[in-house]
2 protein chains.
Amino acid sequence: MTSAESGLPGLPGSIAAGRSKASGTAGAALGSAARLRVATPSVADRVAAELRLQLAEGLLLPGARLTESTISEELGVSRNTIREAFAELAAERLVVRHPNRGVFVATLGPGEIHDVYTVRRFIEVSAIRGGGSPERVAAVRAAVEEGKAAAAADDEEALGTANQHFHGAIVALAESRRLNTIMAQVLAEMRLFFHKATVDAHFYRSYLDDNEKICKTLEAGQLDRAGDLLLAYLNNSEEKQRAVHGD
Amino acid sequence: MTSAESGLPGLPGSIAAGRSKASGTAGAALGSAARLRVATPSVADRVAAELRLQLAEGLLLPGARLTESTISEELGVSRNTIREAFAELAAERLVVRHPNRGVFVATLGPGEIHDVYTVRRFIEVSAIRGGGSPERVAAVRAAVEEGKAAAAADDEEALGTANQHFHGAIVALAESRRLNTIMAQVLAEMRLFFHKATVDAHFYRSYLDDNEKICKTLEAGQLDRAGDLLLAYLNNSEEKQRAVHGD
DNA sequence: ATTGAAGAATTGTTGAACAATTCTGAGATT
DNA sequence: AATCTCAGAATTGTTCAACAATTCTTCAAT
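Conventions and cut-offs
Residues numbered from 1 in each chain as written. Chains lettered and ligands numbered in written order. Predicted model: local features only at pLDDT ≥ 70, side-chain atom pairs only at ≥ 80, totals over all residues. Heavy atoms only, no water. Least-squares fit on C-alpha atoms with pLDDT ≥ 70 in both. Contact = heavy atoms within 4.5 Å. Pairing = 2+ DSSP bridges. Helix = DSSP H or I, 4+ residues; strand = E, 2+ residues; numbered from the N terminus. Buried area = accessible area lost by both parts, 1.4 Å probe. Salt bridge = Lys/Arg side-chain N within 4 Å of Asp/Glu carboxyl O. Polar contact = N/O pair within 3.5 Å; in protein donor to acceptor, adjacent residues only side chain to side chain. Nonpolar A, V, L, I, M, F, W, Y, C, P; charged D, E, K, R; others polar. Axes fitted to C-alpha atoms, helices over the stretch in contact; angles between N-to-C directions. pLDDT = per-residue confidence, 0-100. Expected span 1.5 Å × (residues − 1). Buried < 20%, exposed > 50% of the residue type's maximum accessible area, 1.4 Å probe, protein only. Near = heavy atom within 4 Å.

J.: Help me understand the relation of the copies chain A and chain B in this model?
T.: Each of the two copies of the chain can be brought onto the other by a rotation about an axis and a shift along it. By a simple turn and slide, chain A fits onto chain B: the slide is 0.0 Å along the axis, the RMSD is 0.1 Å, and the turn is 180°. The symmetry that links the two subunits is that of a two-fold axis. Residue Glu 84 of chain A, judged by its C-alpha, is the member of chain A lying nearest the rotation axis, at 2.7 Å. Looking at the interface residues of chain A, 96% of them are also at the interface in chain B, so both copies use one shared face.

Next up, the structure:
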């Protein structure tokens, strides 16, 4: 739908617009502690966030070119700022820079898919083998239920995100900021080519039982067994992905 | 030594200076094939590389502030380009951005150190348990020998890098591009506060035997045992780091 | 000492400019 | 017809200058 001239949410269409409310009122009303938390994200960050969103929603398909001037106009932001956002996204591998040629939505060839799954096997399996606090385990359970609800409602989209929540929750067992962001990035990369896979409406549905069993095993404290199940699951998933995409 | 007005290697000190040599001569002298491979990194990338280097060498200590205008002048590069470089470094966590306040060399508190080691435990231990091709194992062995040589030569600096090569080689067993870059980033983060640890000249030396034993176990194909040894090593290392820094 | 407020310095962002590079579309050549 | 060449158009890479917003300093007044 070309997203048109929507502009960035929260940004005035043009530069000039009444301001100066935030620091004064918020600071006085909420106290200094709250004020520190509010640090508004920069425009570049918001641009990156917006693009990340469009990427996740499949509005920008792999291989698509992101022209600086176009995005600059669409979002009402200067080219320099766009470039800063591109630097962020490139660091996350969501986008690839071809010098002097432009930036393109990343494409994942067969080798890349295998690589992504390798990362997932390393991190997810280790995470589940390490177990986690009751709260974290409960979060895994919640993701499983979320998936069941989505399946009952026949909402494929929700099913997909529930599945990602499930795997995110598994990594979160480790309580590691870095591992969480690594996992988040890997999942974001996968979303890039999931759109193709989702053509089969039953793609995720087959995982529901696996998730349930893995979760139950985890809850029972059989960590090594849970790890084995998860490993099998990931191998199977990679296989299916490979089938959907060019061998 | 403040690095002064050296400018960026390969960049003319100021903007105006004899030009047009690069593409012409290089292209003609090296032939077209070479030219294609060379895809010159952007100025922003070179700035990032230069800063990464200064960070690794301890010229920029944790907490230090990186002022845009200062770096801009020192390197003879525009502020906008500096900002792009900052975006890269921030994505690698080498640098932290405080909105409206500036970017600072990242500092690793106790919690962060634990986090870094968590990532290493996950990735390195999984990698060694998975084993690798004879060439990759040989690379691990090479890193061990590199360390011994450095110890013999009493070169603490070389000892440190050899140690990093050792751990990099272990992750490389997995043949995963993503895992390699993740590990490289984590090691870069650690270099940030290694400088403090290196005060003790015998800091790395104690690891030499561990590395040798781990490597030998790996070569013998006793992967699980090697993993256990590596895990113990990492726990021990974290402990020592914690001791050196304010616990 | 604490507070407040002017002033200086710095970051965030823009817009315009220009060189270098890549892409495009004739037109010329075989 | 197929392909080569080359001028012109489009795009990226980079710089510069400006200005609003924010943070840091300083210094006086209480």
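Here the narrative resumes, following the displayed structure.
J.: Mind showing me how you'd approach the sheet that holds strand β2 (residues 95-98) of chain B here?
T.: Backbone hydrogen bonds are what pair the strands of a sheet, in a parallel or an antiparallel way. Strands sit in the order β1-β3-β2 (chain B) across an open sheet of 3 strands; the sheet is antiparallel. If you trace the sheet from one side to the other, it starts and ends with β1 (65-66) and β2 of chain B, each paired once.

J.: When you look at the pairing of strand β3 (residues 102-105) of chain A in this model, what are you seeing that I'm missing?
T.: Successive side chains on a regular strand alternate, one facing one side of the sheet and the next facing the other. Residues and elements named next belong to chain A. Pairing between strand β1 (residues 65-66) and β3: 2 bridges, direction antiparallel. Across the sheet, the residue bridging to Leu 66 is Val 103, located in β3. Across 4 bridges, strand β2 (residues 95-98) lies against β3 in antiparallel orientation. From the neighbouring strand, His 98 faces β3, where its bridge partner is Gly 102.

J.: Can you help me understand the interface of chain A and chain B in this one?
T.: Many analyses report the size of an interface as the accessible area lost when the parts associate. Contact residues are listed per partner, giving 26 residues for chain A and 26 residues for chain B. The junction of chain A with chain B conceals about 2,500 Å² of combined surface from both sides, 52% of it contributed by carbon and sulfur atoms. If you sort the residues of chain A by the area they bury against chain B, Glu 84, Phe 122 and Arg 178 of chain A come out on top, with a joint share of 29%. The shortest N-O distance in the salt bridge between Arg 178 of chain B and Glu 189 of chain A comes to 2.7 Å. Linking chain A with chain B are 17 residue pairs in polar contact (both at pLDDT 80 or more). Those elements that place two or more of their residues in the side of chain A that touches chain B are α4 (79-91), α5 (110-130) and α8 (177-197) of chain A. Of the residues forming the side of chain A that touches chain B, the biggest block, 9 residues, is contributed by α5 of chain A. When grouped by side-chain class, the residues that make up the side of chain A that touches chain B number 11 nonpolar, 5 polar and 10 charged.

J.: Quick question: what am I supposed to make of the sheet that holds β3 of chain A here?
T.: Residue and element names in this part refer to chain A. A sheet is described by the order of its strands in space; here 3 strands give the open sequence β1-β3-β2, paired in antiparallel fashion. Of all strands in the sheet, those bounded by a partner on one side alone are β1 and β2. This element, α4, spans β1, β2 and β3 of the sheet and lies at about 115° to β2.

J.: Explanation requested: the confidence of the model for chain A in the structure shown.
T.: Low-pLDDT portions of the prediction should not be read for the details of their coordinates. Looking at chain A as a whole, the pLDDT averages 85, with 81% of positions reaching at least 70. Contacts from residues 1-6 of chain A, a stretch scored under 50 in pLDDT, to residues over four places away or in other chains number 7 contacts.

J.: Any chance you could explain helix α7 (residues 156-172) of chain A here in plain terms?
T.: Residue and element names in this part refer to chain A. A rise of 1.5 Å per residue sets the reference length of α7, with its 17 residues, at 24 Å; its end C-alpha atoms lie 24 Å apart and thus fit the reference within 8%. Of all the positions in α7, only Glu 156, Leu 159, Gly 160, Ala 162, Asn 163, Gln 164, Phe 166, His 167, Ala 169, Ile 170, Val 171 and Ala 172 are classed as buried. Structurally, the start of α7 carries an N-cap: the backbone nitrogen of Glu 157 is 3.1 Å from a side-chain oxygen of Asp 155.

J.: Sorry, what's going on with the protein's contact with DNA strand D here?
T.: Near DNA strand D there are 23 residues, and of these Arg 83 of chain A together with Val 43, Asn 80, Thr 81 and Arg 101 of chain B occur at the shortest range. Within 4 Å of the protein, the contacting atoms of DNA strand D are drawn from sugar and phosphate to the extent of 70%. In the environment of DNA strand D, a phosphate oxygen lies 3.1 Å from a nitrogen or oxygen atom belonging to the side chain of Ser 78 of chain B. In this structure, a base nitrogen belonging to DNA strand D sits 2.5 Å away from a side-chain N or O atom of Asn 80 of chain B.

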